[in-house]
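# Observations on the three-dimensional arrangement
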Amino acid sequence: MKKTPAKSSLHPRNRYQGQYDLPTLCHLNPALSPWLVTTPAGKTSVDFSQPQAIKALNQGLLKQYYGIEWQLPDGYLCPPIPGRADYLHFIADLLAEDAGGTIPRQADLLDIGCGANCIYPLIGHAEYGWRFTGSDISAESLRLATALIAANPGMQRAIRLRCQKNSNAIFQGIIQKSDNYAVTLCNPPFHRSAQEAQQGSDRKNRNLGICSDKGLNFAGQHHELWCTGGERGFVEKMINESQNFSAQVVWFTTLISKRENLKPLAEILKRTAVIEQRVIEMGQGNKQSRILAWTFKKPEQRARILKNSLRPPA
């Protein structure tokens with residue numbers, strides 16, 4: 001398995017490269033102002049223990065960096081924008097490597113579990129012009145994602161949504177016979193139960209120096225946060241299903257939040273017909289994450305396919 005070195009900072013193309021410009025963000029989204037706090041060091045920050053604060057921050061960041069209008073009802077997963085953008089930038093590098101150093105700007109991508117926030121398709125199209133199919137098991141999440149797409153001109157022609165009606169399937173029923181994708185991406189549910197999700201929230205609260213009697217310090221529907229087998233079980237199912245769609249996808253990828261899951265998943269991949277598997281390390285301050293990627297295609301096959309997706313940057 002090919003691995004990239006561990007990183008401590010965001011991708012060089014990430015539009016966020018330092019401290020948040022809080023005055024500008026509050027100007028763009030006044031709803032952020034009530035959620036500003038003063039740290040023990042005397043600096044102004046955001047109350048990251050509150051989902052409403054993270055949502056208000058996201059609204060400002062998406063408007064500041066991408067011109068995206070974004071709304072999300074309470075109770076749905078509210079992702080960190082810089083970290084989600086990083087996934088897309090590293091995916092762009094992966095495709096560029098196969099395409100002779102140029103990022104494909106007309107690629108089709110599949111986002112497994114796009115959720116109500118639809119964050120990867122929105123940023124991916126705004127940043128790289130990519131077209132997306134977003135899937136989710138929740139019809140209500142897709143209804144909310146549809147509203148987000150409609151609120152941003154140009155997105156409706158670039159993003160389509162499909163409902164996964166089989167709770168035991170990932171790609172089956174979503175990838176149609178006529179579909180071909182440069183990449184599939186996914187932020188899998190990484191907890192095995194609601195109890196485990198609460199324990200993770202308690203640890204985060206302690207790290208932030210916050211009393212842990214407030215419940216989850218992040219929002220999310222149950223299917224966004226936990227599933228039987230947790231992250232490892234979900235990705236194992238994804239690997240097994242990917243073999244049936246190897247002719248239609250160049251790279252299968254997923255985020256892996258728990259490093260201890262990499263070794264057993266690598267062993268599962270070795271038992272399949274993959275040509276190559278990679279671990280791409282990502283660094284977001286104190287948080288470390290990584291992308292697990294695998295392909296059933298040889299380098300020359302990947303290059304030939306991706307060559308058709310090239311065009312100069314806008």
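Residues numbered from 1 in each chain as written. Predicted model: local features only at pLDDT ≥ 70, side-chain atom pairs only at ≥ 80, totals over all residues. Heavy atoms only, no water.

### Let's talk about the overall build of the protein
Helix and strand counts for the protein stand at ten helices and ten strands. Taking all 314 residues of the protein together, the buried fraction comes to 54%. Put simply, 69% of the contacts in the protein that link residues at least 6 apart link residues at least 24 apart. Accessible surface, the protein: about 14,500 Å² in total, of which carbon and sulfur atoms supply 50%. (Helix = DSSP H or I, 4+ residues; strand = E, 2+ residues; numbered from the N terminus. Buried < 20%, exposed > 50% of the residue type's maximum accessible area, 1.4 Å probe, protein only. Contact = heavy atoms within 4.5 Å. Areas by Shrake-Rupley, 256 points an atom, 1.4 Å probe, with all protein chains shown as cover.)

### Focus on the sheet that holds strand β1 (residues 2–3)
Strand order across the open sheet formed by eight strands is β1-β9-β10-β8-β7-β4-β5-β6, with mixed pairing between neighbours. At either end of the open sheet lies a strand with only one pairing partner, and these are β1 and β6 (159–163). As judged from the two bridges shared by β1 and strand β9 (residues 276–284), these two strands associate in the parallel manner. Counted as the bridge partner of Lys3 is Val279 from β9. (Pairing = 2+ DSSP bridges.)

### Here we look at unusual backbone geometry
Most peptide bonds are trans, and most residues other than glycine sit at a negative phi. In this structure, Cys118 takes a positive phi of about 50 degrees despite not being glycine. Looking at where Cys118 falls in the secondary structure, it is placed in the loop between β4 (108–112) and α4 (119–128). The buried category is assigned to Cys118, whose relative accessible area is 0%.

### Observations regarding the pattern of salt bridges
Inspection of the entire model under this criterion finds 15 salt bridges. Taking the shortest distance from any N to any O, the salt bridge between Asp74 and Lys55 comes out at 2.8 Å. With Asp74 in the loop between α2 (51–66) and α3 (81–98) and Lys55 in helix α2, this pair connects stretches of sequence that are 19 residues apart. A relative accessible area of 16% places Lys55 in the buried class. The residue Arg162 makes a salt bridge to Asp179 at a minimum N-O spacing of 2.6 Å. Residue Arg162 is found in strand β6, and its partner Asp179 is found in the loop between β6 and β7 (181–186); the two are separated by 17 residues along the sequence. (Salt bridge = Lys/Arg side-chain N within 4 Å of Asp/Glu carboxyl O.)

### Here's the deal with α2
For α2, spanning 16 residues, the distance from its first C-alpha to its last is 22 Å, which sits close to the expected 22 Å at 1.5 Å a residue. Of all 16 residues in α2, twelve are buried, a share of seventy percent or more. Here α2 has its buried residues at Ala53, Ile54, Lys55, Ala56, Leu57, Asn58, Gln59, Gly60, Leu61, Leu62, Tyr65 and Tyr66. Looking at the buried positions of α2, the neighbouring elements they touch are α1 (22–28), β3 (44–46), α3 and α4. Backbone geometry just downstream of α2 places Gly67 in the positive-phi region, at approximately 70 degrees. (Expected span 1.5 Å × (residues − 1).)

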